[in-house]
Amino acid sequence: MNTVERLSVLKTYKLYVGGKFPRSESGRVYEVTDAKGKWLANAPLSSRKDARDAVVAARKAFGGWSGATAYNRGQILYRIAEMLEGRRDQYVAEVADAEGLSKSKAAAQVDAAIDRWVWYAGWTDKIAQVVGGGNPVAGPFFNLSSPEPTGVVAVLAPQKSSFLGLVSVVAPVIATGNTAVVVASEKSPLPALSLGEVLATSDLPGGVVNVLSGRTAEIAAPLAAHQDVNAIDLAGADEELAKELEIAAADNLKRVLRPQPVDNADWSAAPGTDRMTAFLETKTVWHPTGALGASGSSY
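Residues numbered from 1 in each chain as written. Predicted model: local features only at pLDDT ≥ 70, side-chain atom pairs only at ≥ 80, totals over all residues. Heavy atoms only, no water.

S.K.: What is the right way to read the packing of helix α3 (residues 88-99) against helix α7 (residues 190-199) from this model?
M.R.: One way to put it is that α3 packs onto α7 with a least axis distance of 9 Å and a crossing angle of 160 degrees. Relative to α7, the element α3 lies roughly antiparallel. Considering only the axes of α3 and α7, their crossing is left-handed. For the pair formed by α3 and α7, the contact residues are Q90, Y91, E94, V95 and A98 on the first element and L190, P191, S194, L195, E197 and V198 on the second. Here the contact of α3 with α7 is composed, by residue class, of 7 nonpolar, 2 polar and 2 charged. (Axes fitted to C-alpha atoms, helices over the stretch in contact; angles between N-to-C directions. Helix = DSSP H or I, 4+ residues; strand = E, 2+ residues; numbered from the N terminus. Parallel < 35°, antiparallel > 145°, perpendicular 65-115°, else oblique. Left-handed = near helix turned anticlockwise from the far one by under 90°. Contact = heavy atoms within 4.5 Å. Nonpolar A, V, L, I, M, F, W, Y, C, P; charged D, E, K, R; others polar.)

S.K.: It is not clear to me how the pairing of strand β7 (residues 209-212) should be interpreted in this structure. Could you clarify?
M.R.: Side chains on a regular strand alternate between the two faces of the sheet. Where burial is concerned, the two faces of β7 agree: the one with V209 and V211 and the one with N210 and L212 are both buried. Sheet analysis places strand β6 (residues 179-183) next to β7, joined by 4 bridges and oriented parallel. Within the sheet, the bridge partner assigned to V181 lies in β7 and is N210. (Buried < 20%, exposed > 50% of the residue type's maximum accessible area, 1.4 Å probe, protein only. Pairing = 2+ DSSP bridges.)

S.K.: Which parts of the structure should I look at to understand the sheet that holds strand β4 (residues 141-149)?
M.R.: Two modes of strand pairing occur in sheets, parallel and antiparallel, and in both the strands are linked by backbone hydrogen bonds. Taken in spatial order, the 3 strands line up as β3-β4-β10 in an open sheet, and their pairing is antiparallel. The sheet is open, and its two edges are formed by β3 (133-134) and β10 (280-288), each paired on a single side. Here 9 bridges tie β4 to β10, and the two strands are oriented antiparallel to one another. If you follow N143 over to β10, its bridge partner there is W286.

S.K.: What should I look at first to understand α7 in this one?
M.R.: For the α-helix, the turn length of 3.6 residues means that residues three or four positions removed from each other point alike. Extensive coverage of α7 is indicated by the burial of 9 of its 10 residues. At its buried positions, α7 is contacted by β1 (29-33), β2 (39-44), α2 (70-86), α3, α6 (164-175) and β7.

S.K.: Please clarify how the environment of A157 should be interpreted in this entry.
M.R.: Residue position: A157 is located in the loop between β5 (152-156) and α6. Using a relative accessible area of 2% as the deciding quantity, one classes A157 as buried. Remark: the alpha-carbon pair of A157 and R87, spanning 70 residues in sequence, is separated by 21 Å. Beyond its immediate stretch of four places on either side in the chain, A157 contacts L166, V169, V182, V183, A184, S185 and G236.

S.K.: Can you help me understand the packing of helix α1 (residues 48-67) against helix α8 (residues 216-225) in this one?
M.R.: Axis angle and axis distance: for two packed helices, these are the angle between their axes and the distance between the axes, and together they describe the pair. Interaxial distance between α1 and α8 falls to 9 Å at its minimum, and their mutual angle equals 45 degrees. Taken together, α1 and α8 sit at an angle that is classed as oblique. Along this stretch, α1 crosses α8, giving a crossing that reads as right-handed. For the pair α1 and α8, the contacting residues are R48, A51 and V55 in the first and E218, I219, A221, P222 and L223 in the second. For the contact of α1 with α8, the class distribution of residues is 6 nonpolar, no polar and 2 charged.

S.K.: Sorry if this is basic, but what is going on with the packing of aromatic side chains here?
M.R.: Geometrically, a pair of aromatic rings is defined through the distance of the ring centres and the angle of the planes. One pass over the full model with this rule turns up 4 aromatic pairs. Taking the centre distance of 4.7 Å and the plane angle of 20 degrees together, the rings of Y91 and F163 count as stacked. Of this pair, Y91 sits in helix α3 while F163 sits in the loop between β5 and α6, placing them 72 residues apart in sequence. On the numbers, 5.0 Å between centres and 85 degrees between planes, the contact of W119 with Y120 is edge-to-face. A relative accessible area of 32% means that W119 is categorised as partly exposed. Of the residues examined, Y120 reaches a relative accessible area of 1% and is grouped as buried. Taking NZ or CZ as reference, R59 lies 5.6 Å from the ring centre of F62, over its face. (Phe/Tyr/Trp six-rings, centres within 6.5 Å; stacked < 30°, edge-to-face > 60°. Lys NZ or Arg CZ within 6 Å of the ring centre and 35° of its normal.)

Written out as structure tokens, the structure is:
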């Protein structure tokens, strides 16, 4: 019996914008290599036009996503975790290649990332109880504060932690009702681009998360200056780039989450609620109370 050598089917990585998988409008790609310099794939080299298209998609999706119940958002985030669990082996291989880790260490990173999705899924309908509530006032009024999402958030994913760090900055943004334009790690974008395939099949509305790959500085500049971007997370920016982006972001008073010196060990630590509250606004409502009965008591 003659044996026929089979040619492998190489994966074509694409952007994830508006629930679809376009190539960069510029037609450009760049080589992605592993920790030893071995070629892994060609990733799309996003342009300024791609960044603007992603913002349009994120803005279009914001009304529906922010208006969904917190319980529903939690269900969808949990579904994402389920899908990631089903593709665990794929992500272990991609993270091992991207970060030069052993399979066991890569598996630990992927497991932590999946657990983090579950953690944020549980917070969607609880964060309002932590940062909102009734305020005591001197007068016949109810005074209630409640959190609301900021809007469209540009997220520069961590450069070194290609998957756990990515999840740690994306999940809290969408858990609270914001939509996101994510700039993947420049050197290791493949786990982020693969995440788009999971998001597309996890009941997450198109446009809630948009994933771009390419030169971080090239993509981040138009996002920081964009008048329809409400906030920016600079986790993946170095000190020089972060300063430039902060200046550009000031033009429309964007919320800015400045980068912190972190490594993989820090991303593995308990995240707390800081990244959720960073992109929440507080709405306070006053409502008069009324007198009840002859005693003059009020409700």
